[in-house]
Amino acid sequence: LKYHPSLEILQLSYVACGPIGSIALSKALQINQSLEELKFAGNSLEITAGEFIRNLSAHPRLCHLNLTGCNIPDEAMEQFIATLKVGSNLKKINLSYNMIAEKGAIMLSKELQNRSDLPKFSLEDRPISKERMTEILSFYCRLDQRNGQN
C-alpha cells in the first residue's frame, strides 16, 4: 500500500482474508491517505468487525465501506457504534447478509434516531422479526423525511 499512495478504490472481496488478516489490513490501510472506497465483501470478520471499523474510522478520506457477508455478529455492533460516535468520514456502509440480528439492528436504530450525520447503512437479509422490522423501517422513513427537509 505504501507503493500505491494514490490508491482510491481497493477491491478485496471474497479473498478469504479472515479475522487476523483483516485486522492487519485495516492497520496497513492507515498508511494510505487517498483511499475512498474499500470493497471487502465475503471476508470473515466475525467478532473482530468492531476493531476493523475502529482502525478504518480515522482514515481521512474513506467514505464507502462494503462489508456484505463478512459474518459480523450482533456482539460486534456495540464497538462498531461506539466507533461511529467518535467520528468518521464514512458516508455509506453495507452490512447486508451478515449475522446482525434483532439486538444489533436495535442498537443501530437507536443510535440513528439521535443523529442524522451518521452514514447510510444497508442491512438487507436480516433475521429480524416482522414487528421489529416494521419499527425500524418506520424510523428510517422518519429519518428520510427529516433529511429531506435539510
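**Quick look at the overall build of the protein**
In terms of helices and strands, the protein carries 5 helices and 5 strands. For the protein, the N- to C-terminal ordering of α and β elements is β-α-β-α-β-α-β-α-β-α. Burial statistics for the protein: of 150 residues in total, 42% are counted as buried. Nonlocal contacts in the protein, meaning residues at least 24 apart in sequence, comprise 84% of its contacts between residues at least 6 apart. Here the protein has roughly 8,100 Å² of accessible surface; of this, 53% comes from carbon and sulfur atoms.

**Notes on the sheet that holds strand β3 (residues 64–66)**
The strands that make up a sheet pair up through hydrogen bonds in the backbone, lying either parallel or antiparallel. Across the sheet, which stays open at both edges, the 5 strands sit in the order β1-β2-β3-β4-β5 with parallel pairing between neighbours. Across the chains shown, the open sheet's two edge strands, defined by having one partner strand only, are β1 (9–11) and β5 (120–122). Ignoring strand direction, the axes of neighbouring strands in this sheet form an average angle of 5 degrees. When β3 meets strand β4 (residues 92–94), the two strands line up parallel, connected through 3 bridges. By the bridge assignment for β4, Asn66 is matched with Asn94.

**Brief notes about helix α3 (residues 74–86)**
Regarding α3, the residues found buried are Asp74, Ala76, Met77, Phe80, Ile81, Thr83 and Leu84. All buried residues of α3 fall inside an arc of 155 degrees around its axis, so they share one side. Facing away from the buried side of α3, by more than 90 degrees, are the exposed residues Glu75, Glu78, Lys85 and Val86.

**Things to note about the packing of helix α2 (residues 49–57) against α3**
Interaxial distance between α2 and α3 falls to 7 Å at its minimum, and their mutual angle equals 15 degrees. The pairing of α2 with α3 is recorded here as roughly parallel in orientation. The way α2 lies across α3 gives a crossing that is right-handed. Contact residues: Ala49, Gly50, Glu51, Ile53, Arg54 and Ser57 in α2; Ala76, Gln79, Phe80 and Thr83 in α3. A breakdown of the residues in the contact of α2 with α3 according to their chemical character gives 4 nonpolar, 4 polar and 2 charged.

**Here's the deal with helix α1 (residues 18–28)**
All of the buried residues along α1 are Gly18, Ser22, Ile23, Leu25 and Ser26. Each buried residue of α1 sits inside an arc of 165 degrees when the element is viewed along its axis, so together they form one side. Buried residues in α1 make contact with α2.

**Observations concerning the environment of Pro60**
In this structure, Pro60 sits in the loop between α2 and β3. Exposure remark for Pro60: the relative accessible area of 38% places this residue in the partly exposed category. Between the C-alpha atom of Pro60 and that of Leu90, which follows or precedes it by 30 residues, the distance is 9.5 Å. In contact with Pro60, not counting residues within four places along its chain, are Gln33 and Asn89.

Parameters and conventions
Residues numbered from 1 in each chain as written. Predicted model: local features only at pLDDT ≥ 70, side-chain atom pairs only at ≥ 80, totals over all residues. Heavy atoms only, no water. Helix = DSSP H or I, 4+ residues; strand = E, 2+ residues; numbered from the N terminus. Buried < 20%, exposed > 50% of the residue type's maximum accessible area, 1.4 Å probe, protein only. Contact = heavy atoms within 4.5 Å. Areas by Shrake-Rupley, 256 points an atom, 1.4 Å probe, with all protein chains shown as cover. Pairing = 2+ DSSP bridges. Axes fitted to C-alpha atoms, helices over the stretch in contact; angles between N-to-C directions. Arc of directions from axis to C-beta. Parallel < 35°, antiparallel > 145°, perpendicular 65-115°, else oblique. Left-handed = near helix turned anticlockwise from the far one by under 90°. Nonpolar A, V, L, I, M, F, W, Y, C, P; charged D, E, K, R; others polar.

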